[in-house]
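Structural features, examined
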Amino acid sequence: MHEATVAQSLIEVILQEARKRNARPVRAKMSCGELNRINDDVLSFAFEAVAQGTPCEGMTLRIEHKPLQGRCKPCGRVFAVDVSNPHCPGCRSEEFELLPDAPLVLDEIEFERADDGEG
Amino acid sequence: MEKADVGRKILGANETCALKNKQFLARHGKRCFNMISSPGSGKTSLLVRTITDIGQSLRIGVIEGDLQTDIDAERIRATRAPAIQINTEGACHLSAKQVSQALEGLPIENLDLVIIENVGNLVCPSAFELGEDGKIVVLSVAEGDDKPVKYPGIFAKSKVLLVNKIDLLKGGMVDFDLDRVFADARRLNRDIEIFPVSAKTGEGMQKWYDWLTSQARSH
């Protein structure tokens, strides 16, 4: 359940950005790598729970999963690594370098201005 | 409606704190390792045995993470090594901030090395940097040989894999294919050092001690 900590940190970052713009956050999009092992349902549930009573309450969160990538040593191809059977789809080699997994990033936020919807 | 590209790391606050821990340790010239495993793999027993066997030549300070109790810190202190217990009160991993407070409680000048024993969990702790020089994953043979494939994150990120309780392999007490673990772990992480050990009998421990000593002295 590291999703609880991720949700808490996510809300903190969104609130900082919202304060900077003096606007209400409505939607957010984040991304994560495969090794972060983020479960969408668990994170969405935690996000909703932590958001309660804050300006983030009612926000929708979209989560993008970025595949783990490897670079094949013999042929240089960069490919999405299937950890249960990792090999280069081009030359079938199992000799590859694992590239750094994508970090947890808050990519974008959509804000509603105070005057939105009034004209 | 206004869309803003933010591009901020969600765990940025933890990473900033981890960097401060790393700088603190570097300033004092100390190495630090973050030990991660499932509950019951024998992390504390490995540390107790290590400190008992080589604690005279390699002074190790320990930071213990558990949901509750200070049982583990007490076990370390019984070896006369300094240990600070962190109780996460439900959280499944340590954070860099907790470690920074614990570091203040250790007699850092009198140590060669700091080992953080994380909360028993193969998933969550691997996402949180604490300021360590490397992660050490422990897998006991009783847990099964499929763990590198099932929990790739921690095996991909670790410098060392300690395969513990190998005394149980004798007489077929457990079905565990050591070759499979070597192959699966190395497929994810070609540079990982793997030491099959038994904290109980001491088998295989010398190679682990040599590695740990070389790390502490390489500063």
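Just so it is clear, the model here is predicted, and its values are computed rather than measured.

The rules behind these values
- Residues numbered from 1 in each chain as written.
- Chains lettered and ligands numbered in written order.
- Predicted model: local features only at pLDDT ≥ 70, side-chain atom pairs only at ≥ 80, totals over all residues.
- Heavy atoms only, no water.
- Contact = heavy atoms within 4.5 Å.
- Buried area = accessible area lost by both parts, 1.4 Å probe.
- Salt bridge = Lys/Arg side-chain N within 4 Å of Asp/Glu carboxyl O.
- Polar contact = N/O pair within 3.5 Å; in protein donor to acceptor, adjacent residues only side chain to side chain.
- Helix = DSSP H or I, 4+ residues; strand = E, 2+ residues; numbered from the N terminus.
- Nonpolar A, V, L, I, M, F, W, Y, C, P; charged D, E, K, R; others polar.
- Pairing = 2+ DSSP bridges.
- Axes fitted to C-alpha atoms, helices over the stretch in contact; angles between N-to-C directions.

Every contact between the two is made by 26 residues of chain B and, on the other side, 36 residues of chain A. For the chain B and chain A pair, buried surface summed over both sides reaches about 2900 Å², with 60% attributable to carbon and sulfur atoms. When the area that chain B buries against chain A is broken down by residue, the three leading residues are B:Met1, B:Arg8 and B:Ile10, summing to 26%. Between the two partners, chain B and chain A, sit 5 salt bridges. Our count for the chain B to chain A interface comes out at 12 residue pairs in polar contact (both at pLDDT 80 or more). When contributions to the side of chain B that touches chain A are tallied by element, the ones reaching two or more residues are strand S1 (2–9), helix H5 (147–150), helix H6 (152–157) and helix H7 (178–188) of chain B. Take the side of chain B that touches chain A: its biggest share by element is 8 residues, from S1(B). For the side of chain B that touches chain A, the residue count by class is 14 nonpolar, 3 polar and 9 charged. As judged from the 6 bridges shared by strand S6 (residues 105–112) of chain A and S1(B), these two strands associate in the antiparallel manner. Counted as the bridge partner of A:Ile109 is B:Ala4 from S1(B).

A separate point is the sheet that holds strand S1 (residues 24–33) of chain A. Spatially, the 4 strands line up as an open sheet ordered S2(A)-S1(A)-S6(A)-S1(B), and their pairing is mixed. Edge positions in the open sheet fall to strand S2 (60–66) of chain A together with S1 of chain B, since each of these has one partner strand only. Pairs of neighbouring strands in the sheet enclose a mean axial angle of 20°, with direction left out of account. The sheet contacts of helix H2 (residues 40–51) of chain A involve S1 and S2 of chain A, and relative to S2(A) the element is tilted by about 150°.

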